[in-house]
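# Secondary and tertiary structure notes
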Amino acid sequence: MTKLLTDARSIRIKGRSFLAVMLSPDLPLDDWLVRLDDLAARSAGFFLGRPVVLDIGELEIDRAQLKELIAALGERNVSIMGIEGGRPSLIGPGMPPALKGGRPVSDFEMPQNEPVLEAPRKPDAIETRQTPQSLVIREPVRSGQSVIFAEGDVTIIGSVSSGAEVIAGGSIHVYGALRGRAMAGSLGNASARIFCRRLEAELVAIDGIYKMAEDLEPGLRGQAVQLWLEDDAIKAEKLS
């Protein structure tokens, strides 16, 4: 006789927060996908391994069009973890779940002492433990690292390497070369600015409007520059 034993063990359930990129497509979708391809081509790895939320709150599409959009994003290795803003009837079987209640918080903790950038073996992001209105990083940001601070400005006393990124809810100040990606005003702050001692960026963005460095005036490259948003376009000028 075979005796079956059931080992009753508890199931461990934990909560965990992740900072996701939000994509807000606009019509016509074919044109929007072309612009997305341009961003991905000129900023390699931008969506690689990054959680993405699809915001369709202002998009007039039906379920079939939404499925086609999700499939088109999947072909581009953009993995949609959830959909925000759509009618419940748009979400069908096999589609990412509907999300709501997203809020602008930092997913990283800042130490009680002076915030210092650490370089773990496989760095993903900088940890934080408080929520002041500004974050100062006193070391260079190395390739593969992300500084993400939703509550205010970020100041880097050093350079931002190629392959690194800085994402701030407010403005970004780089007292060195900006070679990676800088995204200011990430939670809808159109008045945010980007300042750097030497502009060599892969990508700059303010309030979701992005521009590659080669799209800026050639005379700005390698110069001390400030960038701001004006009429839904990124403007730049040299700092004197």
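Here, the structure is the one placed above.
Everything quoted here is computed from the prediction, not taken from an experiment. (Residues numbered from 1 in each chain as written. Predicted model: local features only at pLDDT ≥ 70, side-chain atom pairs only at ≥ 80, totals over all residues. Heavy atoms only, no water.)

### Describing the nonpolar core
Membership of the largest hydrophobic core comes to 30 residues, with the highest contact counts inside it found for Val-154, Ile-156, Val-160, Leu-178, Ile-194, Leu-199 and Leu-227. In contact with Leu-227, other than residues within four places in its own chain, are Arg-193, Ile-194, Val-204, Ile-206, Leu-216, Ile-234, Lys-235 and Ala-236. Judged by nonpolar contacts, the second largest core, of 20 residues, contains Leu-23, Leu-29, Val-52 and Leu-59. (Core = buried A, V, L, I, M, F, W, Y, C linked by side-chain atoms within 4.5 Å. Buried < 20%, exposed > 50% of the residue type's maximum accessible area, 1.4 Å probe, protein only. Contact = heavy atoms within 4.5 Å.)

### Considerations on the sheet that holds strand E5 (residues 134-137)
Read across the sheet, 6 strands follow the order E5-E7-E9-E11-E14-E15 without closing on themselves; strand pairing throughout is mixed. Edge positions in the sheet fall to E5 and strand E15 (233-238), since each has one partner strand and no second. Strand-to-strand twist across the sheet, computed as the mean angle between neighbouring axes with direction ignored, equals 20°. With 5 bridges connecting them, strand E9 (residues 172-178) and strand E11 (residues 194-199) associate as parallel partners. Looking across to E11, one finds that Val-174 is bridged to Cys-196. (Pairing = 2+ DSSP bridges. Helix = DSSP H or I, 4+ residues; strand = E, 2+ residues; numbered from the N terminus. Axes fitted to C-alpha atoms, helices over the stretch in contact; angles between N-to-C directions.)

### Topic: the sheet that holds strand E10 (residues 181-184)
What the 5 strands build is an open sheet, ordered E6-E8-E10-E12-E13; its pairing is mixed. Of all strands in the sheet, those bounded by a partner on one side alone are strand E6 (146-149) and strand E13 (209-211). Ignoring which end each strand starts from, the neighbouring axes of this sheet average 5° apart. When E6 meets strand E8 (residues 165-168), the two strands line up parallel, connected through 4 bridges. Within E8, the residue paired with Phe-149 across the bridge is Ala-168.

### Let's talk about unusual backbone geometry
Cis geometry marks the peptide bond from Leu-27 to Pro-28; its omega dihedral reads -5°. Note on placement: Pro-28 falls in the loop between strand E1 (21-23) and helix H1 (29-42).

### Overview of the pattern of salt bridges
Pairs can form between side chains of opposite charge whenever their charged atoms are close. Using the criterion set out here, one finds 6 salt bridges in the structure. Asp-37 is the partner of Arg-76 in a salt bridge, and the nearest nitrogen-oxygen pair spans 2.6 Å. Placement of Arg-76 in the loop between helix H2 (63-75) and strand E3 (80-84) and of Asp-37 in helix H1 is noted, with a sequence separation of 39 residues between them. A salt bridge links Glu-165 to Arg-181; the nearest nitrogen and oxygen atoms lie 3.9 Å apart. One end of the pair, Glu-165, is in strand E8; the other, Arg-181, is in strand E10, with 16 residues separating them in the sequence. The class of Arg-181 is buried, set by a relative accessible area of 6%. One connected set of salt bridges, linked through shared partners, spans Glu-165, Arg-181 and Glu-202. (Salt bridge = Lys/Arg side-chain N within 4 Å of Asp/Glu carboxyl O.)

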